[in-house]
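Architecture at a glance
Spelled out, the chains give:
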Number of protein chains: 4
Amino acid sequence: MAVAGASGYAGGEILRLLLLHPGLRDGRLELGSLCAAGNAGERLGSISPHLVPLADRVLEPTDVATLRQHDLVFLALPHGASAELAAELPPSTRIVDCGADFRLTDPTAWARWYGGVHAGSWPYGLPELPGLRARLRGAGRIAVPGCYPTAASLALAPAVAAGIVAPRVSVVAVSGTSGAGKALKPNLLGSEVMGSVGAYGVGGVHRHTPEIAQNLSAVAGTPVTVSFTPILAPMPRGILATCTAVTTVDVDEARAVYADAYRAEPFVHLLPANVFPQTGSVLGSNTVSLGVTVDADAGQLVVVAAIDNLTKGTAGGAVQCMNLALGFDETEGLSTVGVAP
Amino acid sequence: MAVAGASGYAGGEILRLLLLHPGLRDGRLELGSLCAAGNAGERLGSISPHLVPLADRVLEPTDVATLRQHDLVFLALPHGASAELAAELPPSTRIVDCGADFRLTDPTAWARWYGGVHAGSWPYGLPELPGLRARLRGAGRIAVPGCYPTAASLALAPAVAAGIVAPRVSVVAVSGTSGAGKALKPNLLGSEVMGSVGAYGVGGVHRHTPEIAQNLSAVAGTPVTVSFTPILAPMPRGILATCTAVTTVDVDEARAVYADAYRAEPFVHLLPANVFPQTGSVLGSNTVSLGVTVDADAGQLVVVAAIDNLTKGTAGGAVQCMNLALGFDETEGLSTVGVAP
Amino acid sequence: MAVAGASGYAGGEILRLLLLHPGLRDGRLELGSLCAAGNAGERLGSISPHLVPLADRVLEPTDVATLRQHDLVFLALPHGASAELAAELPPSTRIVDCGADFRLTDPTAWARWYGGVHAGSWPYGLPELPGLRARLRGAGRIAVPGCYPTAASLALAPAVAAGIVAPRVSVVAVSGTSGAGKALKPNLLGSEVMGSVGAYGVGGVHRHTPEIAQNLSAVAGTPVTVSFTPILAPMPRGILATCTAVTTVDVDEARAVYADAYRAEPFVHLLPANVFPQTGSVLGSNTVSLGVTVDADAGQLVVVAAIDNLTKGTAGGAVQCMNLALGFDETEGLSTVGVAP
Amino acid sequence: MAVAGASGYAGGEILRLLLLHPGLRDGRLELGSLCAAGNAGERLGSISPHLVPLADRVLEPTDVATLRQHDLVFLALPHGASAELAAELPPSTRIVDCGADFRLTDPTAWARWYGGVHAGSWPYGLPELPGLRARLRGAGRIAVPGCYPTAASLALAPAVAAGIVAPRVSVVAVSGTSGAGKALKPNLLGSEVMGSVGAYGVGGVHRHTPEIAQNLSAVAGTPVTVSFTPILAPMPRGILATCTAVTTVDVDEARAVYADAYRAEPFVHLLPANVFPQTGSVLGSNTVSLGVTVDADAGQLVVVAAIDNLTKGTAGGAVQCMNLALGFDETEGLSTVGVAP
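Residues numbered from 1 in each chain as written. Chains lettered and ligands numbered in written order. Predicted model: local features only at pLDDT ≥ 70, side-chain atom pairs only at ≥ 80, totals over all residues. Heavy atoms only, no water.

The name given to chain A in an unreviewed UniProt entry is N-acetyl-gamma-glutamyl-phosphate reductase, and the organism recorded there is Skermania pinensis. Quoted verbatim from the Function (unreviewed entry) field of the UniProt record, the comment on chain A reads "Catalyzes the NADPH-dependent reduction of N-acetyl-5-glutamyl phosphate to yield N-acetyl-L-glutamate 5-semialdehyde." Quoted verbatim from the Catalytic activity (unreviewed entry) heading of the UniProt record, the comment on chain A is "N-acetyl-L-glutamate 5-semialdehyde + phosphate + NADP(+) = N-acetyl-L-glutamyl 5-phosphate + NADPH + H(+)". (UniProt positions renumbered as here; feature names shortened; annotations may be inferred.)

So this is what it looks like as structure tokens:
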């Protein structure tokens with residue numbers, strides 16, 4: 001297999017997880033080309049020194065000729081680049097795309113939020129949502145969800161599916177800085193982010209908004225309106241999504257809905273009553289940690305979800321999808337144990 | 001003047017601000033007793049080494065005999081302690097209380113949220129709310145607001161006062177750890193909080209909820225329901241409150257309401273359209289930084305407020321109130337310039 | 001096997017690593033009693049929520065009756081507690097002790113630095129030091145090194161062994177806060193440590209000083225004097241040790257000494273010339289990352305070592321020792337891949 | 001006065017301090033042109049939102065025509081730019097330069113460490129060093145020291161001046177990220193620096209090495225060799241320098257030397273015996289906090305110094321120099337009170 005975007009944060013996390021995957025040790029998987037754009041030609045060790053076993057690997061340029069030699073390709077590229085590459089790769093090359101290009105099913109939504117031609121949509125890589133796991137087994141093309149939509153959709157899907165909340169939800173999600181990638185922007189400098197929390201993309205303008213709405217509307221069978229506010233926090237990893245919606249059920253009924261929905265899910269961890277998650281507990285793991293309650297005074301369901309944006313929110317989700325696509329056990333190489341403190 | 005609770009974070013911040021106050025240099029103010037509980041007898045320098053000019057001051061025990069010798073006393077004590085002390089201090093001793101004891105006007109709310117006997121209510125130290133500044137001028141007793149209520153109330157008051165939102169608001173507020181005080185709890189250890197964001201007091205159970213509701217209901221002239229979720233972030237200081245409410249007005253109308261409301265306020269800084277605050281910009285300052293917009297798709301007003309929880313959220317608010325109580329210029333000793341990066 | 005001190009940071013890290021160990025999946029290892037002191041009776045999930053698979057395990061009290069039922073016991077206890085327990089456990093119970101009780105060979109040093117009776121010394125669990133690996137294979141009692149001594153000893157051992165430096169070394173080591181354990185001390189609160197770096201135990205008074213001196217003197221075959229300064233940095237994990245000593249060799253010769261010494265070591269990663277490590281690259285891994293150079297102007301060898309204090313510095317070292325004691329492959333369950341960014 | 005480099009971290013800190021300077025309120029100072037390079041034409045509020053009172057100021061281009069209209073100019077520019085500008089500014093324009101161009105007195109050292117033509121040297125802006133204060137009073141040109149040299153020189157000058165240490169010192173200094181400026185480099189991204197400590201410029205290659213050596217050699221009256229290792233820590237501000245040198249005196253004698261040297265210095269705070277500083281205590285202040293001890297076993301003097309790299313280490317030092325140049329009280333506008341926690 002190959003990884004395109006191997007020098008970025010998502011690509012680096014895919015490599016970290018593959019290095020821990022049993023398939024690599026028993027020969028079912030092989031790490032082929034590691035491709036990059038501007039960093040092609042460099043030792044991986046000089047860019048991602050944490051990937052010690054791959055330190056002396058040299059990054060190759062990202063081109064179709066290289067990628068088509070592999071039976072499976074992870075794409076961890078800026079939005080837009082995936083569609084272009086995918087158009088030239090043969091059907092025999094499985095593609096697990098971490099970009100946005102194939103996530104939205106509605107061309108109008110695509111045009112509004114991303115602009116340009118809609119390249120189409122692929123099976124959506126969130127197996128925990130109703131009906132999606134079956135479509136991912138053996139799939140040749142997979143669109144891995146965005147990090148915020150992973151957290152928000154899993155936090156709210158059971159409630160909207162069961163009809164216990166009004167179809168108008170609010171998501172305020174705090175993210176670590178790696179969610180913005182390795183982009184060289186002043187506001188992502190350590191000096192700026194440490195000791196400070198800030199909101200951005202406020203007022204429903206973040207591109208993950210339509211993806212959350214698409215997921216929840218599909219599950220609800222009716223349009224769901226989403227108010228989404230992303231917040232940047234001083235930590236490298238993690239998303240904590242606080243999700244609220246008007247409800248009339250009590251806390252026990254709400255918690256029963258979630259217990260039912262996620263009883264068999266290996267990566268969803270429903271916390272006991274009155275316990276709420278923190279992102280530190282899921283660092284480096286594929287766990288979705290959920291705290292569910294009802295604010296009776298305000299008449300609101302409140303669900304707080306914690307994930308590692310790079311693991312379950314991107315690369316872990318991608319490896320989980322790869323496992324399904326290749327017929328492996330869905331959990332192989334993915335841990336529910338976080339690195340803490 | 002005296003400061004009770006001088007070894008805590010709120011008390012330390014009061015001292016930091018008083019050391020910068022012109023009144024200290026020109027003799028209008030004098031730093032008398034610095035009182036503590038368990039730390040009485042210790043050098044302040046061994047507890048709060050940042051207060052260099054006071055390093056050799058020895059902390060005195062917190063007792064009425066000591067405090068009553070001063071014409072003004074700041075109380076920065078655990079909830080419950082203020083009421084007890086206040087009952088024994090003479091009317092001639094002005095009291096600026098940073099605790100909760102005298103904030104709630106409704107005895108029923110007090111009984112539900114804090115328990116025990118309601119000690120009464122004092123002029124509420126948030127001069128930016130309609131009608132309150134006049135009550136604070138020359139006041140002998142002042143109840144300084146909680147840190148979350150300061151942020152949330154100033155973020156939402158103009159909208160509820162103008163009636164441009166439904167009387168049902170949602171507040172998700174991210175706070176630095178100093179908001180929890182210097183309590184020796186495992187979840188406040190550096191190892192636990194760094195690299196992690198977590199929710200606590202979820203589901204409307206945080207004691208600042210009724211205080212926010214009281215403020216907004218007073219301003220609205222009608223009961224306002226509040227859904228409040230506090231979140232702990234890996235930084236020592238700062239609150240970022242994301243406040244939403246259903247609205248039918250557009251962004252220009254909403255922004256005009258806020259511009260009108262805060263035109264003359266020295267500490268409220270309304271950011272330009274599409275700009276949103278970060279807590280790092282208000283570190284150590286008394287500024288309330290506000291970003292205001294409308295999410296037209298979701299039909300929601302979104303206001304993001306940033307304050308320093310220890311400055312405008314506690315000690316800065318307290319000094320601002322002291323200035324009003326003593327007839328000083330309201331802004332003396334209080335800066336709008338943050339310490340960044 | 002059992003883990004005593006399972007609710008602390010070292011114990012939690014042992015559990016994290018054991019959960020990833022192949023021996024647990026294939027039945028060679030079994031997680032028996034998880035013991036604690038004050039937390040006995042609690043769910044592990046309420047204390048260490050990152051250990052999701054063990055969330056519902058209930059902590060047992062730490063007593064000999066419980067521990068003696070297991071064939072191997074990890075002790076991750078405060079100094080002094082290990083010796084007491086060890087005295088009552090049968091020889092058939094293997095003990096891997098993460099405390100200091102059995103590290104120092106010299107009773108006089110023990111008396112000076114720890115006080116009380118010297119309980120003796122056990123095979124020292126740093127297999128990378130000359131001659132130690134053989135003593136650890138099949139061992140029934142093992143004293144795992146302290147975190148600072150692990151970093152400093154591996155940084156300096158090749159140079160002192162080869163005699164290319166004067167026997168007078170200086171170590172300035174920056175550590176994350178978990179090195180201090182879960183102790184409830186004001187200076188370990190998140191509010192105090194974030195945004196601040198501070199020195200403590202300055203002037204050769206830290207208890208890891210004699211342990212470093214013991215290791216280096218043994219390797220050198222002559223007494224080595226150690227100046228050691230520990231520094232606390234705002235991060236949960238990691239040690240960066242800057243080690244210097246007067247030398248007359250040039251950089252190539254110095255680097256050749258290190259390349260020779262560590263050629264076959266699975267966990268020591270010697271960085272290329274002019275590259276120096278950062279702790280973030282070894283987070284959660286058992287890697288020791290070394291940068292080696294010579295400052296020709298100052299006539300000093302400078303070696304910078306990065307480890308994760310909880311992994312290679314404590315629990316990873318302990319599991320590595322367990323592997324040797326039980327005749328497993330030394331690297332089983334231990335990764336060289338860090339969790340970054 | 002004007003500030004060139006007003007959009008950078010050093011320039012921003014100069015503005016923060018000037019905004020608090022009494023001279024601005026009483027008319028002795030006036031904030032004229034704020035100049036920038038790439039950011040010219042932008043609102044300062046969009047770049048440095050913490051400078052609220054200057055939010056609507058528009059940055060001007062950095063050119064001689066603009067700067068020469070002012071009687072005093074702060075230069076906070078990349079190395080090399082100052083010499084070029086200074087050559088064209090009239091003698092009547094006082095210049096306080098925060099760059100390196102005029103710090104080194106030895107043209108050979110300049111050629112080796114910076115390259116190119118040596119522009120000369122100006123009075124060195126560290127008034128606490130013997131003999132320098134007098135040269136700064138009324139000075140028309142001032143070279144403000146580098147941040148590391150400020151900490152290291154003040155930590156070691158008394159000892160080398162008194163001859164109580166060997167002329168061979170070691171400095172391991174941990175710095176916050178703002179010391180590297182607002183440069184858009186991958187290793188300065190928040191995702192990279194948070195949770196990680198790393199060494200850089202190891203082996204005597206950092207450009208501050210000759211500056212430290214120059215200062216200490218001047219004070220000693222004999223060449224002093226310096227081994228200097230800079231370390232980057234996950235915090236925006238602060239330098240903690242651990243400085244060691246071989247000594248034969250005991251701790252009392254050493255401490256007496258420092259007490260003597262700094263008795264009258266307003267910004268040097270000598271901590272009590274066995275107490276050592278942390279950078280968090282001097283955040284935003286002009287304090288140099290010193291802990292002094294002797295490690296008798298190792299025969300070493302150990303001095304730990306904490307400063308805020310942007311305040312005393314750059315902009316605070318610059319304002320202190322301005323005060324001396326203009327005949328103001330040296331401490332005006334500069335606080336010894338840190339912002340903590």
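Let us keep going from here.
Here we come to the relation of the copies chain B and chain C. When chain B is fitted to chain C, the best match, at an RMSD of 0.0 Å, comes from turning it 180° and sliding it 0.0 Å along the axis. The two molecules are tied by a two-fold rotation axis, judged by turn and shift. For chain B, the minimum C-alpha distance to the rotation axis belongs to Gly190(B) and amounts to 1.7 Å. Here 100% of the interface residues in chain B have copies in chain C that are interface residues too; the copies meet face to matching face. (Least-squares fit on C-alpha atoms with pLDDT ≥ 70 in both. Contact = heavy atoms within 4.5 Å.)

Residues of chain A with pLDDT of at least 70 account for 100%, and the chain-wide mean is 97. Across the predicted assembly, pTM comes out at 0.98 and ipTM at 0.97. (pLDDT = per-residue confidence, 0-100.)

With that settled, the discussion passes to the relation of the copies chain B and chain A. At an RMSD of 0.0 Å, chain B and chain A line up after a rotation of 180° and a shift of 0.0 Å along the axis. Most of the interface of chain B is mirrored in chain A, where 100% of its interface residues again form contacts.

To continue, consider the sheet that holds strand 12 (residues 288–295) of chain B. Residue and element names in this part refer to chain B. Spatially, 8-9-7-10-13-12-11 is the arrangement adopted by the seven strands of the open sheet, whose pairing is mixed. A strand with exactly one partner marks an edge of an open sheet, and here the two such strands are strand 8 (198–199) and strand 11 (268–270). Pairing between strand 10 (residues 239–247) and strand 13 (residues 300–307): eight bridges, direction antiparallel. Within strand 13, the residue paired with leucine 240 across the bridge is alanine 306. Across the sheet, helix 7 (residues 147–162) touches strand 7 (165–175), strand 9 (225–232), strand 10, strand 12 and strand 13, and the angle it forms with strand 7 is around 150°. (Pairing = 2+ DSSP bridges. Helix = DSSP H or I, 4+ residues; strand = E, 2+ residues; numbered from the N terminus. Axes fitted to C-alpha atoms, helices over the stretch in contact; angles between N-to-C directions.)

Attention shifts here to the sheet that holds strand 11 (residues 268–270) of chain C. All names here are of chain C. Spatial ordering of the open sheet is given by 8-9-7-10-13-12-11, a layout of seven strands whose pairing is mixed. Only two strands of the sheet have a single partner each, and these edge strands are strand 8 (198–199) and strand 11. When strand 7 (residues 165–175) meets strand 10 (residues 239–247), the two strands line up antiparallel, connected through eight bridges. Paired with valine 172 across the strands is threonine 242, a residue of strand 10. Of the strands in this sheet, strand 7 and strand 9 (225–232) touch helix 9 (residues 209–220), which is tilted by about 135° from strand 9.

All names here are of chain A. Mapped onto the present numbering, the UniProt feature "active site" (unreviewed entry) falls on Cys147. Relative to the helices and strands, cysteine 147 resides in helix 7 (residues 147–162). For cysteine 147, a relative accessible area of 10% gives the class buried. (Buried < 20%, exposed > 50% of the residue type's maximum accessible area, 1.4 Å probe, protein only.)

Residues and elements named next belong to chain D. Positionally, serine 175 belongs in strand 7 (residues 165–175). Look at serine 175 and you get buried, because its relative accessible area is 2%. Ignoring any residue separated from it by four or fewer positions in sequence, one finds serine 175 in contact with Tyr148, Ile231, Leu232, Ala233, Met235, Gly238 and Ile239.

Its location among the elements puts Arg263(B) in the loop between helix 10 (251–262) and strand 11. Of note is the side chain of Arg263(B), whose polar atom sits 2.6 Å from the side chain of Asp260(B). (Polar contact = N/O pair within 3.5 Å; in protein donor to acceptor, adjacent residues only side chain to side chain.)

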